[in-house]
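Listed below are the residues making up each chain.
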Amino acid sequence: MKTIELTTPLDGKLLAELKSGDKVLLSGEIYTARDAAHKRLVALLENGEELPFDLEGAVIYYVGPAPARPGQIMNSAGPTTSYRMDVYTPILLDHGLKGTIGKGPRSRAVRESMVRNGAVYLAAVGGAAAGIASTVREAEVIAYEDLGPEAVRRLVVEKMPLFVVNDTAGNDLFEKGVAEYRRNR
Amino acid sequence: MRELNVAEITRAVKELSIETNIRLPEDVKAALRKALQVEESPLGREILQVILDNHVIAERENMPICQDTGVAVVFLEIGQDVHLVGGSLEDSVNEGVRQGYTQGYLRKSMVDDPVLDRKNTGDNTPAIIYTRMVPGEKVKVIFAPKGGGAENMSEVRMMTAADGIEGVKDFVVDRVSRSGGNPCPPVVVGVGIGGDFERCALLAKEALMRKIGEPNPDPRYRRAEEEMLERINNLGIGPQGLGGRITALAVHVKTLPCHIASMPVAVNMQCHADRHGERTI
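All values reported here derive from a predicted model rather than from experimental measurement. (Residues numbered from 1 in each chain as written. Chains lettered and ligands numbered in written order. Predicted model: local features only at pLDDT ≥ 70, side-chain atom pairs only at ≥ 80, totals over all residues. Heavy atoms only, no water.)

Peer 1: An account of the overall build of chain A is needed here, citing residue identities and associated values.
Peer 2: Check the secondary structure of chain A and you find 6 helices and 7 strands. Helices and strands in chain A line up, N terminus first, as β-α-β-α-β-α-β-α-β-α-β-β-α. Its C-alpha radius of gyration of 16 Å places chain A within 12% of the 16 Å reference for a compact globule of 185 residues. Overall, the C-alpha framework of chain A stretches about 50 × 40 × 35 Å when taken along its three principal axes. Counting all 185 residues of chain A, 60% fall into the buried class. Taking all contacts inside chain A whose residues are at least 6 apart in sequence as the whole, residues at least 24 apart take part in 60%. Split by element, the accessible area of chain A, about 7600 Å² in all, is 48% carbon and sulfur. Averaging the positions of the 23 positive and the 24 negative side-chain charges in chain A gives two centres separated by 9 Å. (Helix = DSSP H or I, 4+ residues; strand = E, 2+ residues; numbered from the N terminus. Rg over C-alpha atoms; globule rule 2.2 N^0.38 Å. Buried < 20%, exposed > 50% of the residue type's maximum accessible area, 1.4 Å probe, protein only. Contact = heavy atoms within 4.5 Å. Areas by Shrake-Rupley, 256 points an atom, 1.4 Å probe, with all protein chains shown as cover. Lys, Arg positive; Asp, Glu negative; His and termini not counted. Charge placed at Lys NZ, Arg CZ, Asp CG, Glu CD.)

Peer 1: I'd like a rundown of the interface of chain B and chain A, residues and numbers included.
Peer 2: Across the contact, 43 residues belong to chain B and 44 residues belong to chain A. Area buried by chain B at its contact with chain A is led by Gln67, Tyr105 and Leu242 of chain B, which between them contribute 19% of it. Applying the counting rule to chain B against chain A returns 2 salt bridges. When the shortest N-O distance is used, the salt bridge between lysine 23 of chain A and glutamate 46 of chain B registers 2.6 Å. Listing elements by their share of the side of chain B that touches chain A, those giving two or more residues are helix H3 (42-61) and helix H8 (219-233) of chain B. The element contributing the most residues to the side of chain B that touches chain A is H3 of chain B, with 9 residues. Of the residues in the side of chain B that touches chain A, the class split is 18 nonpolar, 18 polar and 7 charged. (Buried area = accessible area lost by both parts, 1.4 Å probe. Salt bridge = Lys/Arg side-chain N within 4 Å of Asp/Glu carboxyl O. Nonpolar A, V, L, I, M, F, W, Y, C, P; charged D, E, K, R; others polar.)

Peer 1: Describe the sheet that holds strand S9 (residues 263-270) of chain B, naming the residues involved and giving the relevant values.
Peer 2: All names here are of chain B. Ordered in space as S6-S9-S7-S8, the 4 strands form an open sheet in which the pairing is mixed. One side of each edge strand has no neighbouring strand; the edge strands of this open sheet are strand S6 (155-159) and strand S8 (248-258). With direction set aside, neighbouring strand axes in the sheet form an average angle of 15°. Pairing geometry for strand S7 (residues 187-195) and S9, over 6 bridges, is antiparallel. What sits directly across from valine 188, in S9, is glutamine 270. Together, S6, S7 and S9 form the strand contacts of helix H6 (residues 164-179), whose direction differs from that of S9 by roughly 30°. The sheet contacts of H8 involve S7 and S8, and relative to S8 the element is tilted by about 140°. (Pairing = 2+ DSSP bridges. Axes fitted to C-alpha atoms, helices over the stretch in contact; angles between N-to-C directions.)

So this is what it looks like as structure tokens:
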């Protein structure tokens, strides 16, 4: 298992070298969005309107953090389950999104779109939320404050630990990992 | 007849909501440590270590284990010789949730309307409240914050007597198999059998309250639990679904009598952050 340091915005050439199963330490700006924010973002795209952040080379982290205490940058912030965003993801990838972070497998349509667009899907450890928060250096709400935990936040992360699930060649760590350890009775 | 002010219930709910979200029960931590020893996949072991490290960070920093601090599920066992005074019982529970989730900096995850508005209620109320009258003059409050990821992988199936115990086992294993990495494995699997449509779903949730390692009192269901656990851990799903030996920490079955025509079965999935706590007032 290789460990690769990546910085956002993601560079297409570097992404092509990532392999499913690699470990990634991600640094730079990323954006948070989950169900309700995705619905609004995709509605903007469909109406030809501008998004609250630049999608080119961007990374979206599927998370709704716990509210920060006074003086705290980020409270617990682990990944939410990704499949709920599957319906919205291909159009975001078609508009320049290069990476998504969540937990659990993606649909065939998302996987095909990632191959077509040279994008990757990265897994964070679900439930390891206090540890992940310690890699967040800055956090601010940039859109949809009314959504509370589901608002879009700009985060600056430093060496956020992730695993490459889907690489640009179409490999899938869920399929590979489960096949390796499945025992038939 | 003992008089009890509902403010006591508010206080218990508030304290439990904060405590359960920061500190896991010892039986769950022990099960995860054991999983780390047994796990064959190097990636699986690494994930389990990250999960165990996270418990330490959460307790040290006073942070929730998981950002999904759940819907507030509250079981109340009310002694029939208790006279509750000082206001409405339901309001007192919701006030405890409101105070705990606000003052504890826990995430508010409830929306007011499930389909049309989906506006966050802002204080994690209303709670899901189950009350049961029991003998005595005490009130027991069980608090179980339930995350959405695992709850979404749960299912009720109206099976038939002909399906038998083998049918139950196949359904449970299949439900876990179809869940893959979504419910944050390693999971605890709550299985309710019997009652009726809605009661068996509640049974499955009640089954999750049993301590890991505490055997089922019925040896036949104990064997069924062991067999289901073995089959689940042969699925290869592993920690976080990325492959490995440990997909579930335990399978807990709870049963009730049911109609001659029916055999309702419910599977309630619980993520590895198996949070629950109780207080007796």
